[in-house]
Structures are given as C-alpha cells and as structure tokens.
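# Close look at the chain arrangement
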Amino acid sequence: MNTIILKFGGTSVADNIKLNVVAKKIIDLKKEANNIVVVVSAQGKRTNQLIKEAQELSAIPQEREMDMLLATGEQVTAAKLSILLNRKGHQAIALTGWQAGIVTNTIHTSAKIEKINTKRIEEELKKEKIVVVAGFQGVNENADITTLGRGGSDTTAVALQVALKADKCYIFSDVDGIYSADPNMITVAKRLDEISFNEMQEVADAGAKVLHNRCIQIGKKFNCDIIAKSTFSEEGGTKICQQIETAEVKSIVKNEKLEVIQMEKKENIQETQTYDIYQNLLQNNIIVETFQKEEKQIQFRIKKEQQNKVQELLESKYPDYEIKQKELVKLSIVGYGIIQDARCIKSSSRNTKKTQNRNNRY
Ligand code: ADP
Ligand code: ASP
Ligand code: MG
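Residues numbered from 1 in each chain as written. Chains lettered and ligands numbered in written order. Predicted model: local features only at pLDDT ≥ 70, side-chain atom pairs only at ≥ 80, totals over all residues. Heavy atoms only, no water.

## With respect to the nonpolar core
To be explicit about the condition: Joining through side-chain atoms within 4.5 Å is the link that ties buried Ala, Val, Leu, Ile, Met, Phe, Trp, Tyr and Cys residues into a set, and such a set is a nonpolar core. Using a 1.4 Å probe on the protein chains alone, a residue whose accessible area is under 20% of its type maximum counts as buried, one over 50% counts as exposed, and one in between counts as partly exposed. A run of H or I in DSSP becomes a helix once it reaches four residues, and a run of E becomes a strand once it reaches two; helices and strands are each numbered from the N terminus. Whether two residues are in contact is decided by their heavy atoms: any pair within 4.5 Å suffices.
By size, the foremost hydrophobic cluster in this structure holds 37 residues, and its most contacted members are Ile5, Ile121, Val133, Leu160 and Ile240. Ranked by residue count, the leading element in this core is helix H5 (residues 153–163), at four residues. For Val133, the contacting residues outside a window of four places in its chain are Val37, Val38, Val39, Val40, Ala78, Leu95, Ala100, Ile102, Ile121, Thr156 and Leu160. Counting 24 residues, the second largest nonpolar core, distinct from the first, contains Val13, Ile27, Leu29 and Ala134.

Here it is as structure tokens:
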C-alpha cells in the first residue's frame with residue numbers, strides 16, 4: 001500500500017467550505033487504497049492574528065510562550081478536519097506534533113526537527129485511519145512545545161515523508177505550482193513543470209514564501225521529490241527534484257520582510273566589540289545577513305519579524321551606540337549557472353549577479 005503525505009496551507013483550510021474541498025480530496029485519494037497522512041496549517045491568517053494578540057499584551061513576548069500559543073492554530077485545523085472526515089464516514093484521527101512523535105531541539109520559534117518517532121502514526125495507519133497532523137510544531141527534551149518558524153508546516157510534511165518512507169508528498173496551496181515570479185504580483189509569470197532542489201532552495205531563501213526553505217533542504221538531503229499543487233484545481237503542479245545542469249533564469253523573488261540595522265558610535269569600534277555584538281545576536285537566535293563593519297558603524301540585515309527583539313537587545317547591551325532601522329526590499333534572480341552564462345539574462349544589465357539586492361522599491 002502506498003503512503004502519501006498531503007499538506008494543506010492556511011488559505012486551503014481557511015473556512016468550512018474550504019475544509020470540505022480538502023476533505024473531498026483526501027477521501028478520493030484514500031479510495032485509491034492509499035495510507036494517508038495529512039499535515040495542516042493554521043486557518044487563514046490565524047497565526048498572524050495570534051501574534052498580534054500576544055503583542056497587544058507584551059511587545060516582546062517570551063518565545064516559549066509564543067510557541068505554546070501559535071501551535072494552537074494548527075491544532076484547531078487538525079481537529080476540525082478530523083471531525084469532518086469522521087462525519088463523512090472516514091475514520092480519522094488528529095494528532096498534535098508531539099503526539100505524532102516529532103522531536104525538535106530547544107530553540108523556541110525556529111526549532112529544528114531532530115527525530116520523528118513514527119510508532120503512533122504507523123499504528124493509526126494500520127487501523128486504516130486517516131492521520132491528520134498539526135504542522136509547524138514539535139516537542140523538545142524539556143517536554144515543551146516548539147514551533148519550526150513561519151511557514152514551517154511544509155517542513156513537517158517533508159520530514160514525515162522521509163521518516164515514514166512515504167511514496168509521495170504533495171504540498172497543496174492556493175497556487176498551482178512554482179512560478180517564475182509570485183503569480184499574485186506578476187501576472188505574466190510562468191509556471192515551472194520542474195525546478196531543482198538547489199534552485200528552489202535559492203527561491204525560498206530569497207524570501208518567496210511559497211515553500212519553507214527547510215523543507216527543500218530535507219527533500220534534497222534525502223532525495224525525496226516534493227510536488228507543489230493547487231488545492232482548488234486538478235491542473236498544473238511543479239515537481240521539485242534533482243536536476244542535471246540547466247542554465248536559465250528560473251525565478252525572480254521580491255522580499256519585503258527585511259530590515260537593515262545600523263549601529264553608529266562616536267569613536268572607532270574595536271574588533272573585540274564587533275565580535276561581541278555578532279556573538280550576542282547569534283546567541284539570541286537572530287538570523288543575521290551581511291554583517292559589515294566600518295570605522296564607526298556596524299551594519300547588518302535581519303528578518304523584519306525579529307526587529308523588536310533586536311532593538312531591545314541592542315539598546316540594553318550597547319547603550320553607547322545610536323541604532324537606526326531601515327526597510328529593505330531585496331530583489332533576487334535565481335537560476336542554476338546564470339552567473340557563468342550571461343545569455344540567460346538577456347534583458348538585464350551586463351553585471352547582473354545571481355542574487356541582486358536593491359534598496360529601493362519597484
Ligand atoms: P500556504 O498558506 O498554502 O502555505 P503560502 O501563502 O505560504 O501558502 O504560499 C503560497 C503563496 O506564495 C502564493 O499565494 C504566492 O502569492 C506566493 N508566491 C511567492 N513566490 C511564488 C512563486 N515563485 N511561485 C508561486 N507562488 C509564489
Ligand atoms: N501557521 C504557521 C505560519 O503561518 C505555519 C505554516 O503556515 O506553515 O507561519
Ligand atoms: Mg506556506
């Protein structure tokens with residue numbers, strides 16, 4: 001019997017009508033004699049809403065408590081979908097991340113999956129149940145709930161594909177595959193039938209939210225193809241897989257969720273202090289890009305979602321610096337070998353780089 005993983009994102013499960021569409025899809029695939037493991041995200045914009053509610057109580061909530069709060073979004077979806085499937089006459093069971101055996105490290109809000117104890121899922125599959133797993137979450141060695149970072153349900157799905165040695169993993173969303181640019185912004189963007197793991201990794205790292213970057217890393221590491229499809233159409237789809245060389249621009253990505261931090265001092269900044277600042281950022285799990293030091297200034301990029309945390313950390317630890325924040329929009333051009341082969345970027349300037357950053361909007 002084939003085992004397949006089906007992951008449904010927030011827009012696909014946003015309300016009861018959509019949950020019914022999802023349930024029908026699952027039941028059709030179950031009828032083809034498959035073992036079905038479903039991974040779900042929180043409904044619609046629920047995660048954003050929960051973050052907003054927490055920030056109304058505290059500007060910088062504790063990360064452990066945020067994990068406890070945000071994990072509930074996915075649990076609600078899993079329980080609702082399981083209730084619906086059972087009502088439609090198909091035995092289903094909803095599991096939280098920890099019930100599904102997903103063990104992570106202790107880094108709250110961006111935990112990594114260390115192992116998956118598949119026993120419980122396998123037992124339920126043997127009973128011919130549809131297993132509905134709450135995505136984006138796990139449990140750490142302290143028995144605390146952790147979350148995998150924004151968009152992390154994709155990573156739950158691909159990690160389960162590997163752990164269960166599943167035959168296929170479908171990531172269903174509101175778009176029918178991976179496009180040459182965000183199809184909701186660029187209407188002439190083209191859908192790709194296939195994209196390599198390396199290219200997809202670059203697309204995800206550059207900030208296209210269509211797939212979580214860590215799910216691509218897992219797919220690549222274990223050579224498990226991932227299929228991106230639409231929940232609402234049978235057409236289309238993109239396979240993310242190993243590819244031999246190609247040289248063309250595959251995708252253009254606009255990332256507006258970055259912030260530049262500038263730390264300025266009246267006198268020259270010592271190397272030891274630079275090192276201390278960098279270490280402090282890393283120890284606080286702040287993802288830092290392009291860390292640069294000049295005589296009296298340090299500049300680096302962070303994710304916008306970490307801006308409050310960074311501001312508080314820097315102000316408390318380094319009161320003798322003036323700290324400025326600037327919005328950044330990054331535009332990246334992704335494609336295997338495009339640095340070596342300028343013909344790929346016919347309409348771009350001669351010195352176009354593989355990843356190009358601009359500080360202005362377009
Ligand atoms: P889900 O809620 O199902 O996880 P996401 O919102 O995370 O879905 O990802 C799907 C969205 O990704 C699309 O609605 C689209 O706007 C956006 N997107 C950005 N870049 C791309 C791209 N290159 N191809 C397809 N979709 C993209
Ligand atoms: N609900 C989480 C988020 O919005 C995880 C996910 O959707 O994959 O980031
Ligand atoms: Mg997503």
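## Focus on helix H8 (residues 271–283)
Worth spelling out the cut-off: Take the residue count of a helix, subtract one, and multiply by 1.5 Å to get its expected span. The arc in question is formed by the directions pointing from the helix axis toward the C-beta atoms.
If you check H8, its first and last C-alpha atoms are 18 Å apart, about what 13 residues at 1.5 Å a residue would give, namely 18 Å. Within the sequence span of H8, burial applies to Thr274, Ile277, Asn280 and Leu281. Buried residues of H8, viewed axially, fall in a sector of 130°; they line one side. For H8, the exposed residues lying more than 90 degrees away from the buried face are Glu271, Thr272, Tyr275 and Gln283. In this fold, the buried residues of H8 make contact with strand E13 (251–264), strand E14 (289–293), strand E15 (297–303) and helix H9 (307–317). Count one or two residues on from H8 and you reach Asn285, which has phi positive near 55°.

## Regarding the site of ligand 2
Rules: If even one non-hydrogen atom of a residue comes within 4 Å of a molecule or strand, that residue is called near it. What qualifies as a polar contact is a pair of N or O atoms within 3.5 Å, subject to a donor-acceptor requirement within protein and to the restriction that residues adjacent in sequence count only when both atoms come from side chains. Only the protein chains shown count as cover for residues, and all accessible areas are computed by the Shrake-Rupley method using a 1.4 Å probe. By the convention adopted, Pro, Cys, Tyr, Trp, Phe, Met, Ile, Leu, Val and Ala count as nonpolar, Lys, Arg, Asp and Glu as charged, and the other residues, Gly among them, as polar.
Surveying the vicinity of ligand 2 reveals the residues Ser41, Ala42, Thr47, Glu74, Phe136, Arg150, Gly151, Gly152 and Ser153. The side chain of Glu74 places a nitrogen or oxygen atom 2.6 Å from a nitrogen atom of ligand 2. A distance of 2.7 Å separates an oxygen atom of ligand 2 from a polar side-chain atom of Arg150. Coverage of ligand 2 by the protein chains reaches 85% of its 260 Å² of free accessible surface. Of the residues that constitute the shell around ligand 2, the class distribution is two nonpolar, five polar and two charged.

## Observations concerning the pattern of salt bridges
Filter applied, for reference: By definition here, a salt bridge exists when the distance from a side-chain nitrogen of Lys or Arg to a carboxyl oxygen of Asp or Glu is within 4 Å.
Applying the stated criterion across every chain, the model contains 21 salt bridges. A salt bridge links Asp193 to Arg191, with the shortest nitrogen-to-oxygen separation between them at 3.4 Å. Accessibility expressed as a relative area gives 57% for Asp193, which makes it exposed. Linked through salt bridges whose partners overlap, the residues forming this network are Arg120, Glu124, Lys127 and Lys129.

## Describing helix H7 (residues 213–221)
Since the α-helix packs 3.6 residues into each turn, any two residues three or four apart lie on the same face. Arg214, Cys215, Ile216, Ile218 and Gly219 are the residues of H7 that are buried. Of the surrounding elements, those touching the buried residues of H7 are strand E5 (113–116), H5, helix H6 (197–205) and strand E11 (226–230). Positive phi appears at Asn223, one or two residues downstream of H7, with a value of about 50°.

## Quick notes on the site of ligand 1
Close contacts around ligand 1 come from 19 residues, with Asp174, Tyr179, Asp182, Asn184 and Lys209 the closest. Between ligand 1 and Lys7 there is a distance of 3.2 Å, counted from an oxygen atom to a side-chain nitrogen or oxygen. Take Asn184: an N or O atom from its side chain is 2.8 Å from an oxygen atom of ligand 1. For the shell around ligand 1, the residue count by class is eight nonpolar, seven polar and four charged.

## As for the environment of Val76
Structurally, the position occupied by Val76 is in helix H3 (residues 63–87). A relative accessible area of 40% places Val76 in the partly exposed class. Measuring from C-alpha to C-alpha, the distance between Val76 and Gln43 comes to 8.1 Å, with 33 residues separating the pair along the chain.

## So, the environment of Ile113
On the secondary structure map, Ile113 appears in strand E5. Among the residues examined, Ile113 registers a relative accessible area of 23% and is labelled partly exposed. Residues Ile113 and Thr147, 34 residues apart in the sequence, show an inter-C-alpha distance of 9.7 Å. Beyond its immediate chain neighbours, meaning those up to four positions away, Ile113 contacts Ile102, Val103, Thr104, Leu148, Thr155, Thr156, Ala159 and Arg214.

## Quick look at the sheet that holds strand E6 (residues 130–134)
Heads up, the condition is: In short, DSSP must find at least two bridges between two strands for them to pair. Only the contacting stretch of a helix is used when fitting its axis, a line to C-alpha atoms as for every element, and angles between N-to-C directions run 0 to 180 degrees.
Ordered in space as E3-E6-E2-E1-E9-E11-E12-E10, the eight strands form an open sheet in which the pairing is mixed. Lying at the two open borders of the sheet, with one neighbouring strand each, are strand E3 (92–95) and strand E10 (194–196). Strand-to-strand twist across the sheet, computed as the mean angle between neighbouring axes with direction ignored, equals 20°. Examined bridge by bridge, strand E2 (residues 34–40) and E6 share four bridges and lie parallel to one another. Residue Val39 lies in a different strand from E6, and its bridge partner there is Val133. Sheet strands touched by H3: E2, E3 and E6. Its angle to E6, the strand with the most contacts, is close to 165°.

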